[in-house]
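Examining the three-dimensional arrangement
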Amino acid sequence: MSRTTQPILEVDGLKKYYETGGSFVDSLLGRSNTVKAVDGVDLTLQPGETLGVVGESGCGKTTLGRALLRLIEPTEGSVTSRQRNDDGTVDELDLTELSSSRLRDLRTDLQYIFQDPFSSLNPRMTVGDIVGEPLDIHNIASGEERTQRVEELLDTVGLNRSHAYRYPHEFSGGQRQRIGIARALAVDPEVIICDEPVSALDVSVQAQILNLLSNLQEEFDLSYIFIAHDLSVVEHISDRVAVMYLGEIAEVGTTDELFTAPRHPYTEALLSVIPEPDPGWEGNKILLDGEVPSAINPPSGCRFHTRCHRVIPPEDLSIEQETFRSVLTLKLYARQAESTTELVTLGGTGQLQEEYDETDPVAVDRVIRDTYEIPSQLPDTTAEETVSTSIERLVEAEPPAAAEKLDEVFVSPCEKQRPELEQTAETQVSCLLYTDEYNTGQPVVTDQTGDAAADD
Amino acid sequence: MSTKRGRITIDGFDADVVEQREELSDWSEDKDTNLESRWRRVAREIRRDRLALIGGTVVFVMLLLAIFSQPIKAFGVTIQPISITPYDPGQQFVAGTTENYADPSFLPWSEGSLLDYPFGTDTLGRDVFSRVMAGTRYSVTIGLIVTAISGTFGVIYGGISGYFGGKVDGVLMRFVDMIFAFPGLVLAIVILALLGKGYWPLVLAFTATGWAGYARLIRGEILKVKQNEYVLAAKALGARDRRVLFRHVVPNSIAPVIVQATLSIGTVVIGVAALGFLGLGFPPGTPEWGTMINAEQGTVLSARGWVRWWVTVFPGLMLFLFVMAMNMIGDAINDALDAQGGEGIDAAGGGG
């Protein structure tokens, strides 16, 4: 993949915020919240390449894909599309600023394949009409020519020509997805955004559709943005991969680089849990604590710091990174917990705690330290003092008061500083660990080697 | 045990093997026996329904009557010369003289055979049989025209409201609420009072109140349908809103409106008859069923009026017959559209 050519699609600072509680009265009373579904995403797509976008459910992958094509209006940012004309000149168009009629014309270059093949085809139209609709809309073909083109398209995606006269409900999921692909191909696009095109399909059919997509890419010189949550699918089809977390890009790199040596702790955690067919493999799975935080009030600083296993301890504390992680988790849970019991349950390691007296500082201290795996004596005096005081506060007051106390000392730079997407030796990473200030000089070493090449 | 990955590799993407192993589905051309569109399937369901068949026949005969009962003239040119009514519906004293009719004991059949005046004659000696036949032209057509106009307008209005949503929806639906705030018949009476009696004022009066129901009905349905990904897909293809709305959204939300429309044809006919009975619909003397009953209510209420029972019974029976037939058809359509619930994957339809 040549990196020197100009990207065909360039996304810069794309944001999509939603207002919750959208009624007029709500906004008047200031009760509405902003959901930051996509929050400042930068991406580039080179001609002819496949860019995989992965992330957990709810991290904004689909919103990103739709905002890219302005199927939903992005809040901020720009999407630049570069079209090469026949005479070699290049047109640069900012999608976010186009008028709706210009945008309609541009839909012939940018297409979308939907996740659910059962709801993305109009049940009242024949397959021929579904595939032929783009031809009508853009006046590409009519009459005999249209019929011919529709049949060609059906051929291209591996369906029978006679299927043009049938209705979508007569087809299986895989066949429906082929119809969806034929519809996207009808306008002869340059870029196709595939929004989890195989996640609704059986595994055997997934492979067929993936192969079809790669064949079409070769045949028509397409560029794909491939949104998925299945890492093995992404690894199979992508040239480059972008990892998303809570509306932001955590890491971007070529598939090889990213899968062999992930830089971002989140990528690392994701890759570590890919199932391995080897019964003798015990792995070193990195299991992340807790759930994905809500996009309504995303965590400050680095969004991943609430779950990051490599969170950076403040410089003035001389405690282990692991211990710091434990105390930080305690602090984050204490912020939302309403009682000590809830705090113990939230941070539970799965083991039942024996009965303890909630009014006895010593007992609570022991239980909390047990639950959060904090050593009974921290090496750093300030740290130890703060932890014990805050646990005392648990007995006297509510957990948020304890969190406040912990906030005085246990503050990670990750909480305060928002990392930018920066170029490292291999991938682009958005993590403070790779900035000059905190760079330990050591790349995150894992034993993922050999995995990336496995499926090729 | 090891932490090294990739000691065993599985090539999970060899689709050739899968493709050779099995077909994409078990479908083949031979199995394709029963391919039909939704409307053809609905039509078949209705044909199977005996009641609907009876209803359909009644309505069909009445429509024929509406066309052929009297000659049709447009701009002074006769375009339909056939007249199957035995008498002109306005012709008075067909079976006797003014004096005969002043006598309460006079029966029309004394002047001729039963077949000459099968439904008898009214107070002014007009042939009731001819009049109820000619009446189809008023009652039946007004029901159809009002429903067609208010249905079309309601679908467009509600479609725009539901599809665009937000502020547009808010404003448009408040106006619908306003229409609903008036009792329908009262609003119709007000309009008739403003415009005077007649066919087209009646159409307007019933359309003005009728469309709001369709608008509200389809709006609700559209709010649901527009969430489907094929709507977004059409937008992604560059379709204009008009196309998305009328090619994708409305066809998928029209079913309840069609049921509602068939059922409400009868309601409109009843409404027109009610206004006619109140003396508000058509000018007196018009052979519209409600107006006929109104004209004869004095006869029936007078002493020995019951002797001439036929003057009100036959127009009433025609009303009953038509509305009943329409409701039977409406029920059948409702069943037929309902029956295909899961997007029409029936036993013969394949899918899978």
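Residues numbered from 1 in each chain as written. Chains lettered and ligands numbered in written order. Predicted model: local features only at pLDDT ≥ 70, side-chain atom pairs only at ≥ 80, totals over all residues. Heavy atoms only, no water.

1. A short note on the sheet that holds strand β2 (residues 34–45) of chain A
Where strands meet in a sheet, backbone hydrogen bonds hold them as pairs that are either parallel or antiparallel. Residues and elements named next belong to chain A. We apply this condition: Paired strands, as defined in this entry, are two strands with at least two bridges between them according to DSSP. Numbering of helices and strands runs from the N terminus; a helix is a DSSP stretch of H or I covering at least four residues, while a strand is a stretch of E covering at least two. Axis lines are fitted to C-alpha atoms, over the contacting stretch for helices. Their N-to-C directions set the angle, which ranges from 0 to 180 degrees.
In spatial order, the strands read β2-β1-β4-β5; together these four strands make up an open sheet with antiparallel pairing. The open sheet is flanked by β2 and β5 (90–94), the only strands paired with a single partner. The average undirected angle you get between the axes of adjacent strands in this sheet is 20°. Strand direction decides the pairing type here: strand β1 (residues 9–19) and strand β4 (residues 76–84), joined by five bridges, are antiparallel. In the strand pairing of β4, Lys15 is matched with Glu76.

2. Observations concerning the nonpolar core
All names here are of chain A. The following threshold applies: Residues grouped as a nonpolar core are buried Ala, Val, Leu, Ile, Met, Phe, Trp, Tyr and Cys residues, joined through side-chain atoms within 4.5 Å. Burial here depends on accessible area, computed with a 1.4 Å probe over protein chains only, as a share of the maximum for the residue type. Under 20% is buried, over 50% is exposed, and the range in between is partly exposed. Residue ranges for the domains trace back to a domain assignment, done automatically or taken from a database.
One finds Ile181, Leu343, Ile368 and Phe410 to be the most contacted residues of the largest nonpolar core, which totals 92 residues. When residues of this core are sorted by domain, at least three fall in each of domain 1 (9–109 + 189–269) and domain 2 (321–411). Of all hydrophobic cores here, the second largest spans 36 residues; its members include Leu9, Leu69, Val191 and Val252.

3. Describing the confidence of the model for chain B
Residues and elements named next belong to chain B. The condition is simple: For every residue, the pLDDT score states the predictor's confidence, bounded by 0 at the bottom and 100 at the top. Whether two residues are in contact is decided by their heavy atoms, any of which lying within 4.5 Å being enough.
Model confidence for chain B is summarised by a mean pLDDT of 80, while 80% of its residues fall at 70 or above. Within the model, pLDDT remains below 50 along residues 30–35, and this stretch shows eight contacts once partners closer than five positions in the same chain are excluded. In the predicted structure, residues 339–352 sits below a pLDDT of 50 and forms 21 contacts with residues beyond four places in sequence or in another chain.

4. Some thoughts on the side chain of A:Glu384
Residues and elements named next belong to chain A. Here is the rule we go by: We call two N or O atoms a polar contact when they sit within 3.5 Å, provided that within protein one can donate a hydrogen and the other can accept it, with sequence-adjacent residues counted only if both atoms are side-chain atoms.
Note that Glu384 resides in helix α14 (residues 381–396). A polar contact is formed between the side chain of Glu384 and the backbone nitrogen of Leu378, at a distance of 2.7 Å. What Glu384 contacts, discounting residues up to four positions off in sequence, is Arg369, Ser376, Gln377 and Leu378.

5. Describing the packing of helix α3 (residues 50–68) of chain B against helix α5 (residues 128–164) of chain B
All names here are of chain B. Convention followed: Our angle categories are set so that under 35 degrees counts as roughly parallel, over 145 as roughly antiparallel, 65 to 115 as roughly perpendicular, and the remainder as oblique. What makes a crossing left-handed is the near helix being turned counterclockwise from the far one by less than a right angle; a clockwise turn instead makes it right-handed.
At a minimum axis distance of 8 Å, the contact between α3 and α5 shows a crossing angle of 115°. As far as their axial angle goes, α5 and α3 are roughly perpendicular. For α3 against α5, the interelement crossing comes out left-handed. Facing α3, whose interface residues are Met62, Leu63, Leu65, Ala66 and Ile67, α5 presents Met133, Thr136, Arg137, Val140, Thr141 and Leu144.

6. Focus on the pattern of salt bridges
Quick note on the threshold: For this analysis, a salt bridge means a side-chain nitrogen from Lys or Arg found within 4 Å of a carboxyl oxygen belonging to Asp or Glu.
The final tally for this structure, using the stated rule, is 33 salt bridges over all chains. Between B:Glu229 and A:Arg66 there is a salt bridge; the shortest N-O distance is 3.1 Å. Pair noted here: B:Glu229 is in helix α9 (residues 229–236) and A:Arg66 is in helix α2 (residues 61–68), and the two residues belong to different chains. A:Arg66 shares its class with B:Glu229; the two are buried. Notably, a salt bridge pairs A:Arg161 with A:Asp155, separated by 3.0 Å at the nearest N-O pair. The partly exposed category is assigned to A:Asp155, whose relative accessible area is 40%. Each of A:Asp129, A:Glu133, A:Asp136, A:Arg146 and B:Arg243 takes part in salt bridges that share partners, so that together they form one network.

7. Details of helix α7 (residues 203–220) of chain A
Residue and element names in this part refer to chain A. Applicable threshold: Helix span is expected to be 1.5 Å times the residue number reduced by one.
In a regular helix each residue adds 1.5 Å, so 18 residues correspond to 26 Å; α7 covers 26 Å between its end C-alpha atoms and thus fits that length. Looking at α7, one finds that the buried residues are Val205, Gln206, Ala207, Gln208, Ile209, Leu210, Leu212, Leu213, Leu216 and Gln217. Directly beyond the C-terminal end of α7, a positive phi value near 60° is found at Asp221.

8. A look at the sheet that holds strand β6 (residues 110–113) of chain A
Residues and elements named next belong to chain A. The eight strands are arranged β6-β7-β8-β3-β9-β10-β12-β11 in an open sheet whose pairing can be described as mixed. Each end of this open sheet is capped by a strand with a single partner; those strands are β6 and β11 (422–423). Here strand β3 (residues 50–54) pairs with strand β9 (residues 240–245) via four bridges, running parallel. Considered in β9, the bridge of Gly52 is made with Val241. Helix α10 (residues 265–272) contacts β9 and β10 (248–254) of the sheet and is inclined by roughly 105° relative to β9.

9. Notes on empty space enclosed by the protein
The gaps of empty space that remain are located by a probe, the size of a water molecule, rolled over the atoms. Residues and elements named next belong to chain A. Definition in use: Detection works on a 1 Å grid of protein atoms alone, calling trapped sets that fit a 1.4 Å probe cavities and calling open sets with protein on both sides within 12 Å along at least five of seven lines pockets, with lining residues defined by an atom within 4 Å of a point. Grid points are joined across faces, edges and corners, and a volume is the space filled by probe spheres set on the points. For this classification, Asp, Glu, Lys and Arg are treated as charged, while Ala, Val, Leu, Ile, Met, Phe, Trp, Tyr, Cys and Pro are nonpolar and the rest, including Gly, are polar.
Within this structure, the stated rule accounts for seven cavities of 30 Å³ or more. Estimated volume of the largest cavity: approximately 80 Å³. Around the largest cavity, the lining residues are Tyr245, Glu248, Ile249, Ala250, His264, Cys302, Arg303, Phe304, Pro419 and Ser430. A total of three residues in the lining of the largest cavity trace back to one element, the largest contributor, which is β10. Split into classes, the residues belonging to the lining of the largest cavity amount to six nonpolar, two polar and two charged.

10. Looking at the pairing of β9(A)
Residues and elements named next belong to chain A. Among the six residues that make up β9, six are buried, leaving the element largely enclosed by the rest of the structure. Burial along β9 is two-sided: Arg240, Ala242 and Met244 and Val241, Val243 and Tyr245, pointing in opposite directions, are all buried. The sheet contact formed by β9 and β10 spans six bridges and is antiparallel. Bridging across to β10, Val243 finds its partner in Glu251. Once β9 ends, the chain turns through two residues before running back antiparallel as β10, passing Leu246 with a positive phi of about 50°.

11. Digging into the packing of aromatic side chains
Remark: the centre distance and the inter-plane angle together describe each pair of aromatic rings, the angle taken between the planes. Stated formally: Working definition: a ring pair exists when centres of Phe, Tyr or Trp rings (six-membered ring for Trp) sit within 6.5 Å. Plane angles under 30 degrees give stacked, over 60 give edge-to-face, the rest tilted. Definition used: whenever NZ (Lys) or CZ (Arg) falls within 6 Å of the ring centre and also within 35 degrees of the ring normal, the charge is taken to sit over that ring.
All chains considered together, the criterion is met by 14 aromatic pairs over all chains. Look at A:Phe324 and A:Phe410: their rings are 6.2 Å apart centre to centre, the planes differ by 25°, and that puts the pair in the stacked class. In this pair, A:Phe324 sits in helix α11 (residues 321–336) while A:Phe410 sits in the loop between α15 (399–409) and α16 (413–416), placing the two residues 86 residues apart along the sequence. Each member of the pair, A:Phe324 together with A:Phe410, is buried. Summarising the aromatic geometry, the rings of B:Tyr163 and B:Phe164 are spaced 5.0 Å apart at their centres and angled 80° between planes, so their arrangement reads as edge-to-face. Using a relative accessible area of 41% as the deciding quantity, one classes B:Phe164 as partly exposed. One aromatic cluster is present, built from ring pairs that chain together B:Tyr138, B:Tyr199, B:Trp200 and B:Phe282. Just above the ring of A:Tyr18 sits the side chain of A:Lys16; from NZ or CZ to the centre is 4.9 Å.

12. What about α15(A)?
Turn by turn, an α-helix covers 3.6 residues, leaving residues three or four places apart pointing in a common direction. Where α15(A) is concerned, the buried positions are A:Pro399, A:Ala401, A:Ala402, A:Ala403, A:Lys405, A:Leu406 and A:Val409. Packed against the buried residues of α15(A) are α11, α12 (340–346) and α14 of chain A.

13. With respect to the packing of helix α13 (residues 361–371) of chain A against α14(A)
Residues and elements named next belong to chain A. Where α13 contacts α14, the axes come no closer than 9 Å and their chain directions differ by 115°. When the axes of α13 and α14 are compared, the crossing they make is right-handed. Across the interface between the two elements, Pro361, Val364, Asp365, Ile368 and Arg369 from α13 touch Glu384, Val387, Ser388, Ile391, Leu394 and Val395 from α14.

14. Section: the environment of A:Pro293
Residue and element names in this part refer to chain A. Within the secondary structure, Pro293 is located in the loop between α10 and α11. Residues Pro293 and Arg307, spaced 14 residues apart in sequence, show a C-alpha to C-alpha distance of 9.2 Å. Residues within four places of Pro293 in sequence aside, it is in contact with Tyr245, Leu246, Pro299, Thr306 and Arg307.

15. Description of a negative patch on the surface
Residues and elements named next belong to chain A. The test is simple: Two joining distances apply to patches: 9 Å for like charges and 5 Å for nonpolar side chains (Val, Leu, Ile, Met, Phe, Trp, Tyr), and every residue must have over 30% relative accessible area and no salt bridge. All accessible-area figures derive from a Shrake-Rupley calculation using a 1.4 Å probe, and residue coverage is judged against the displayed protein chains alone. Think of it this way: Lys and Arg go in the positive column, Asp and Glu in the negative one, and His and the chain ends go nowhere. For this purpose, a charge sits on NZ of Lys, CZ of Arg, CG of Asp or CD of Glu.
Taken together, the side chains of Asp12, Asp42, Glu315, Asp316, Glu420, Glu422, Asp436 and Glu437 define an acidic patch exposed on the protein surface. Position of Asp12 relative to the elements: it lies in strand β1. Given the relative accessible area of 47%, Asp12 is considered partly exposed.

16. Points about unusual backbone geometry
Residue and element names in this part refer to chain A. Even without a glycine there, the phi angle at Arg70 is positive, about 60°. If you check the backbone angles, Asp221 has positive phi at about 60° while not being a glycine. On the secondary structure map, Asp221 appears in the loop between α7 and β8 (223–228). Owing to a relative accessible area of 55%, Asp221 belongs among the exposed residues under this scheme.

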